[in-house]
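Analysis of the macromolecular model
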Amino acid sequence: MNEKVSVIGAGTMGHGIAQIAAMSGFQVWIYDIKEEILFNAIEKIKQSLEKFKAKGVISDINEVLSRINKTTSLEDALKNSNYMIEAVLEILDIKLQIFKKAESIIPDAEFFGTNTSSLPISEISRELTLKEKVVGIHFFNPPQLMKLVEIIKGNYTSEETLNKAVIFGKRLNKVPVIVKKDVPGFIVNRLLARLMNASCQIVENNVANIVEIDSALKYKLGFPMGVFELADYSGIDVFYLVFRAMKERGFLGSICKTFEKMYEEGKFGVKTGEGFYKYPGKGIYKKPDIPAEAGSKFDPWLVVSPEVGEALWLIKNDIASESDINTASMLGLGYPKGIVQMGNEFGLTNVKDRLKKLAEITGKKEYDYLLQYFE
Ligand SMILES: NC(=O)c1ccc[n+]([C@@H]2O[C@H](COP(=O)([O-])OP(=O)(O)OC[C@H]3O[C@@H](n4cnc5c(N)ncnc54)[C@H](O)[C@@H]3O)[C@@H](O)[C@H]2O)c1
């Protein structure tokens, strides 16, 4: 295959995206601002490819690596490319410069994709001539392992571009879900924002503690991690900044005060050695002690109910289909079943009762707002 993919940014996400594109047979050019960053990216790719080889997923590491070229020249990275995926820092101006350059160098590209977590696709494309070719292609960390990719239609994205991005996602061996409107947080981060903030508010209101909630989510509902465990693992800073960006752009939800406080105090979780739980040292992970019996008295639906409300909001506003939301919650959050399916099995009337209770306990208007979507 001679099709070329340009991956702009070789950090956490960029190197993983470059790797999966090369594993899928594309010729890949990866760009970053410094040689050293590119060198480290290739080293990380090699380590990951070793693991794939050990599992028998690939047979020849060098064959995959031979398809990855690195450069600090944006022009070289883009020249003659068929697809661009941008994964640089979450700063609008930096992204804008890259997209402007891309449309001038490769106007015939199939699409210009952005991996942004919190910036609107429409804002990235607004000043461009080829607005219709800009699309959100939101991978999950680590892209090498996470099957889900959210494909987001911005205000200017054409149907043709959207379809090309879906096909591209499948060619990378991912499962694409479509986000039909450019809403803050897309699907997965909106669901997570509901669960995390509700759980945190429940703790602030002294209804349950973090271990009780985490235990109930894991052992009663089969979630892969407790919500506080997840916040620590992925970084309280990461979630706080995404939630804040979502809220600034119109997401109707309050950010729990504890999150803000921990962010300000630099208690980010595993990476700083302390978050909701304590760790042996900075960046040293030890699974928190969350006994199965700790959650026996806590009803996890109290904190999961706003996620179901959010899912209904997404469906009723024609932003995502029920089946895509179910897929996103299973592949993006690791739930044993889709969130809508879980809600239906528990009974929407029961979910609604829990949401009413959550609204009463917290006094937050977003929960009253979500209640109308159960009608
Ligand atoms: N980390 C995640 O879990 C995650 C998940 C999904 C999406 N995202 C999104 O992916 C994007 C990248 O995130 P990340 O976690 O990989 O960040 P990162 O900080 O690990 O990597 C960003 C890279 O961009 C490079 N960069 C900085 N300035 C640049 C410039 N002017 N031109 C080109 N490259 C430049 C940096 O050198 C760095 O290597 C962001 O938009 C983020 O919101 C992140």
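Residues numbered from 1 in each chain as written. Predicted model: local features only at pLDDT ≥ 70, side-chain atom pairs only at ≥ 80, totals over all residues. Heavy atoms only, no water.

1. Topic: the packing of aromatic side chains
According to the stated counting rule, one finds 16 aromatic pairs in the structure shown. Taken together, the aromatic side chains of F228, F239, F243, F259 and F276 make up a single cluster linked through ring pairs. Here the basic side chain of K4 rests over the ring of W29, its NZ or CZ set 4.4 Å away from the ring centre. Looking at K55, its charged tip hangs above the ring of F52, at a distance of 5.6 Å from the centre. (Phe/Tyr/Trp six-rings, centres within 6.5 Å; stacked < 30°, edge-to-face > 60°. Lys NZ or Arg CZ within 6 Å of the ring centre and 35° of its normal.)

2. Structural notes on the state of the cysteines
Evaluation of the coordinates by the stated rule reveals 1 disulfide. Covalently, C200 is tied to C256 through a disulfide, its sulfur atoms 2.0 Å apart. Where C200 bonds to C256 through sulfur, the torsion about that S-S bond is close to -70°, and the disulfide is left-handed. Residue C200 is located in helix α8 (residues 188-204), and its partner C256 is located in the loop between α11 (236-248) and α12 (257-265); the two are separated by 56 residues in the primary sequence. C200 sits in the buried class, given a relative accessible area of 1%. (Disulfide = S-S within 2.5 Å. Helix = DSSP H or I, 4+ residues; strand = E, 2+ residues; numbered from the N terminus. Buried < 20%, exposed > 50% of the residue type's maximum accessible area, 1.4 Å probe, protein only.)

3. Considering the sheet that holds strand β8 (residues 175-179)
In space, the 8 strands of this open sheet follow the order β3-β2-β1-β4-β5-β6-β7-β8, with mixed pairing throughout. Two strands in the sheet have a free side with no partner beyond their single neighbour: β3 (68-71) and β8. Each strand axis lies, on average, 25° off the axis of its neighbour in the sheet, ignoring direction. On top of the sheet, helix α14 (residues 322-333) reaches β7 (148-152) and β8; it is set at about 130° to β8, its chief contact. (Pairing = 2+ DSSP bridges. Axes fitted to C-alpha atoms, helices over the stretch in contact; angles between N-to-C directions. Contact = heavy atoms within 4.5 Å.)

4. Overview of the pairing of strand β5 (residues 111-114)
Alternating positions in β5 separate into two faces, F111 and G113 on one and F112 and T114 on the other, with burial throughout. Bridging between strand β4 (residues 83-86) and β5 involves 4 bridges; their strand directions are parallel. Pairing of E86 across the sheet is with T114, part of β5. With helix α5 (residues 92-105) bridging β4 and the parallel β5, this β-α-β connection has right-handed handedness. Sheet topology note: the β5/strand β6 (residues 134-139) ladder contains 3 bridges and is parallel. The partner of F112 across the bridge, within β6, is V134. (Right-handed = clockwise from strand over helix to strand, strands pointing away.)

5. Description of the site of the ligand
Around the ligand sit 20 residues, and of these T12, M13, D32, E90 and K95 come closest. In this structure, N115 approaches the ligand through a side-chain N or O atom, which is 2.9 Å from an oxygen atom. For the ligand, the accessible surface in isolation is 820 Å², of which the surrounding protein chains cover 77%. Where the shell around the ligand is concerned, the elements lending two or more residues are α1 (12-23), α5 and β6. The element best represented in the shell around the ligand is α5, accounting for 3 residues. (Near = heavy atom within 4 Å. Polar contact = N/O pair within 3.5 Å; in protein donor to acceptor, adjacent residues only side chain to side chain. Areas by Shrake-Rupley, 256 points an atom, 1.4 Å probe, with all protein chains shown as cover.)

6. Here's the deal with a nonpolar patch on the surface
A contiguous nonpolar surface patch, about 260 Å² in accessible area, is contributed by L89, I91 and I94. By the element assignment, L89 lies in the loop between β4 and α5. (Patch = residues over 30% accessible without salt bridge, like charges linked within 9 Å, V, L, I, M, F, W, Y side chains within 5 Å. Salt bridge = Lys/Arg side-chain N within 4 Å of Asp/Glu carboxyl O.)

7. Quick look at helix α2 (residues 35-54)
The end-to-end C-alpha distance of α2, which contains 20 residues, comes to 29 Å, matching closely the 28 Å that a straight helix rising 1.5 Å per residue would cover. What α2 keeps buried is the set L38, A41, I42, I45, S48, L49 and F52. Considered in projection along α2, the buried side chains sweep an arc of 130° and stay on one side of the axis. Opposite the buried face of α2, by more than 90 degrees, sit the exposed residues E36, Q47, K51 and A54. Next to the buried residues of α2 lie α1, β2 (27-31), α3 (61-65) and β3. (Expected span 1.5 Å × (residues − 1). Arc of directions from axis to C-beta.)

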